[in-house]
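# Results of the structural survey
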Amino acid sequence: MAADNPTPPPSQPEAAAAAAKPLAADDGAAAGEEGAGPSKKALKKAEAKAKKEAEKARRAAEHQAAQAAAKAAAGNTEDLAKDNYGEATHQTKVDAERVSLKKIGDEHLGKTIKVRGWVQNSRMQGAKMAFVELREERNWAIQGVVAASPEGKPVSRQMVKWIGGLNLESYVLIEGRVEKPLEPVKSVRVSNYELHISKCYLIAAGPEVLGMGLVVANKAVTNFDDEEAPQDVAVEEARKAVEATSLDNVPSASMATHLSNPAMHKRAPVQQAIADVRMATRKLFAEYLDAQGFNQFEPPCLIGAASEGGANVFTLPYFEKSACLAQSPQFYKQIEIAGGRKRVYCIGPVFRAENSNTPRHMTEFTGLDLEMEIEDDYHEVRDMLEGVLLYIFRGLAERCAEQIALIRTIYPSEDFLLPEAGKEVRLTFAEGQALLRAEGPEEFRNVSDDEDMSTPQEKALGAIVRNKYKTDFYVLDKFPEGARPFYALEDPADPKVTNAFDFFMRGQEILSGGQRIHVPSLLEARIRKKGIDPASPGIKEYVDVFKSAGVPPHGGGGIGLDRVVAWYLNLPSVHLASYYPRTPKRLLP
């Protein structure tokens, strides 16, 4: 009977397995049905879930590995190059040989040297490399390359990033190995070599933003208005700046911007080249005169009264009196001659209180002055001045050829033409005016022999002389009496003219000179003729020198150093030739 043969109870293991097996709500079988298992649908779901978990784990592992790599690259690991870069301290020392950039040659290839200079340019090349242009002086610059080492030393990625982020015009100390680039680096002067940087220390940081960048500072100045312009003028100047923009898309800056950023103005290679020419001119002037037996002396800048009796003088309080800034060392040169010196010269500042806002004028300039005893004829003085200037011009062409070539890339000019030896051009003032009437522009057809030349007349005559005589340098002699100061000697044969002359460069005057009156009675008479009282302060003391002792005939001249440099280089303004130009509108920097 069915009741007598019941199904035997399951064993304990079987019961435990059955109890542990999850029940499926939709498996279509009774929970306790003998031999039942999971459906295909349940198995697929379980398999999909397992795959999903595995994929999640794989992605988590990859992400973790990527984070670890990123942390290592970002420097969360130790920076093994940390001692090879950073801000310089009193303990910073680089033992490599110091080599000037302009002296680097093949003998330095493969050698480690040190350089101090300014960061002229920089750019990152990915995260592991940067290029840096280093300028030492003038336009002597070299490309530096810094690349991270695989092992992180001596150069790490952090070091590359730090160097690539240095502000422009920062001053740095660099250690690097001299190598040959794959091809010449056109952007720097030391183009056939490069520095593979191993150390870099910041000595002085440049600003975040430069008031004027080096590229702009080294472009030609086209606007010489040195005070802030009104709005309508500013618009016009902006238009001109756009016109002045060259192929590099960088506009030029005004002289006002240059002088308001003096450090960058002076760092410009073109300005340093002009300064080199200026100093060479001073040295050549002194060199020639020393060889001719001249003695240098130092006249004062502070004097008790106007030196030439005019109104164009700066006055200033001087304790309980007033003093003046010297308009000329003229009187003191003559005192030196009276004191027994045969030949003297001086180099120093000259002050003119003239409200002349032109590219030819400054309120302070440097004078190159000489005075000498005359033995037979005042042309001894003219010839001496002519000789020193010809010596300067020929010396500049020889000694400053490199600087002149650089300047001409910014301010183009033709060679300064000089006369052949023995064929110097010396015209009388009347001959110059006759040339203007005959060959000059229509407006100069009726110029007078009795009136001084205007600047346009000078330039027009300069063009005629250059075309006719093939020279940019010439002399105009025998100036009319009315165009010369009271100490100029009238020609004994023709009192309408004086034994006085001007020298010209490219049609612009750079020197005035001639014979002085050395006889007291003649001097007083001419002073009165000029409407000046011989007993007035400053004038009386001057005349008394000639009364105090017999003074030999003498003459001399004063050369404007700034003009010589500017006109020789054909610069658009004397302001560019001056270290710190002073004009009616500017006393800074």
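All of the points below concern the structure found in this document.

What counts, and at which threshold
Residue numbers run consecutively from 1 along every chain, following the written order of its sequence. Residue-level local features of this predicted model are given only where pLDDT is at least 70; pairs of side-chain atoms are given and counted only at 80 or more, and the full residue set underlies all totals for whole chains, interfaces and linings. Each side-chain value is derived from all of the structure's non-hydrogen atoms; neither hydrogens nor water enter the calculation. Following DSSP output, two strands are said to pair if at least two bridges run between them. To qualify as a helix, a DSSP run of H or I must reach at least 4 residues; to qualify as a strand, a run of E must reach at least 2; elements of each kind are numbered from the N terminus. Partly exposed residues are those whose accessible area sits between 20% and 50% of the maximum for their type, while under 20% is buried and over 50% is exposed, using a 1.4 Å probe and protein chains only. The contact rule is simple, with two residues in contact once any of their heavy atoms fall within 4.5 Å. To count as a disulfide, a pair of cysteine sulfur atoms needs to be within 2.5 Å. Put plainly, a pocket is an open set of points on a 1 Å grid over the protein atoms alone with protein on both sides within 12 Å along at least five of seven lines, a cavity is a set where a 1.4 Å probe fits but cannot get out, and a lining residue has an atom within 4 Å of a point. Grid points are joined across faces, edges and corners, and a volume is the space filled by probe spheres set on the points. In the scheme used here, Gly and all other residues not listed as nonpolar or charged are polar, with Ala, Val, Leu, Ile, Met, Phe, Trp, Tyr, Cys and Pro taken as nonpolar and Asp, Glu, Lys and Arg as charged. Only the contacting stretch of a helix is used when fitting its axis, a line to C-alpha atoms as for every element, and angles between N-to-C directions run 0 to 180 degrees. Orientation labels follow simple angle bins: below 35 degrees gives roughly parallel, above 145 gives roughly antiparallel, 65 to 115 gives roughly perpendicular, and whatever is left gives oblique. Crossings are classed by handedness, with left-handed meaning an anticlockwise turn of the near helix from the far one by less than a right angle and right-handed meaning a clockwise turn. Here, patches come from residues exposed beyond 30% relative accessible area and free of salt bridges, joined within 9 Å for like charges and within 5 Å for nonpolar side chains (Val, Leu, Ile, Met, Phe, Trp, Tyr). Shrake-Rupley sampling with a 1.4 Å probe provides the accessible areas, and residues are treated as covered by the protein chains on show and by no other component. Only one rule defines a salt bridge in this text: a Lys or Arg side-chain nitrogen within 4 Å of an Asp or Glu carboxyl oxygen.

The next thing to look at is the pairing of strand 3 (residues 112-125). Sheet topology note: the strand 2 (residues 97-98)/strand 3 ladder contains two bridges and is parallel. Bridge assignment links Glu 97 to a residue of strand 3, and that residue is Ile 113. Of the strand pairs in this sheet, strand 3 and strand 4 (residues 129-137) are connected by seven bridges, and their pairing is antiparallel. In the sheet register, Trp 118 faces strand 4, and the bridge partner there is Arg 135. Hairpin geometry of strand 3 and strand 4 is characterised by an intervening segment of three residues between the two adjacent antiparallel strands and by a positive phi of about 75° at Gly 126.

The next thing to look at is the sheet that holds strand 8 (residues 295-296). On the basis of which strands lie adjacent, the open sheet formed by eight strands has the order 8-12-13-20-19-18-15-14 and mixed pairing. On the outer flanks of this sheet lie strand 8 and strand 14 (426-428), each paired with one strand and no other. With two bridges connecting them, strand 8 and strand 12 (residues 343-351) associate as parallel partners. Bridge pairing links Gln 296 to Tyr 345 in strand 12.

Moving on: the side chain of Arg 484. Mapping Arg 484 onto the fold places it in the loop between strand 15 (473-477) and strand 16 (490-491). On the basis of relative accessible area, Arg 484 is assigned to the buried category, the value being 10%. Here Arg 484 is in contact with Phe 479, Thr 498, Ala 500, Phe 501, Asp 502, Ser 512, Gly 513, Arg 526 and Lys 530, once residues within four sequence places are set aside.

Two cysteines form a disulfide when their sulfur atoms are joined by a covalent bond. The final tally for this structure, using the stated rule, is zero disulfides. Cys 301 carries a free sulfur, and the closest cysteine sulfur to it, the one in Cys 346, is 9.8 Å from it. Residue classification places Cys 301 among the partly exposed positions, given a relative accessible area of 28%.

Once that is clear, we can look at empty space enclosed by the protein. By the definition in use, this model includes one cavity of 30 Å³ or more. Each pocket or cavity is described by its volume, and for the largest cavity that value is around 40 Å³. Together, Ile 404, Arg 408, Ser 413, Phe 416, Arg 506, Tyr 568 and Leu 569 line the largest cavity. Split by residue class, the lining of the largest cavity holds four nonpolar, one polar and two charged.

For the pair helix 9 (residues 330-338) and helix 15 (residues 539-548), interaxial distance at closest approach is 10 Å and the crossing angle is 20°. Overall, the two elements helix 9 and helix 15 adopt an arrangement that is roughly parallel. Between helix 9 and helix 15 lies a crossing of left-handed hand. Judged by residue contacts, Phe 331, Gln 334, Ile 335 and Ala 338 of helix 9 engage Ile 539, Tyr 542, Val 545 and Phe 546 from helix 15. Split by residue class, the contact of helix 9 with helix 15 holds seven nonpolar, one polar and no charged.

Glancing now at a nonpolar patch on the surface. Together, Leu 302, Leu 316, Tyr 318 and Phe 319 line one region of the surface with nonpolar side chains, adding up to about 430 Å² of accessible area. By secondary structure assignment, the location of Leu 302 is in strand 9 (residues 302-303).

Turning next to the side chain of Ser 254. Here Ser 254 lies in the loop between helix 5 (231-243) and helix 6 (255-260). Discounting chain neighbours no more than four positions away, the residues touching Ser 254 are Val 221 and Asn 223.

A few words on the sheet that holds strand 11 (residues 321-325). Spatial ordering of the open sheet is given by 9-11-10, a layout of three strands whose pairing is antiparallel. Edge positions in the open sheet fall to strand 9 and strand 10 (315-318), since each of these has one partner strand only. Of the strand pairs in this sheet, strand 10 and strand 11 are connected by four bridges, and their pairing is antiparallel. The residue bridging Pro 317 from the neighbouring strand is Ser 322, located in strand 11.

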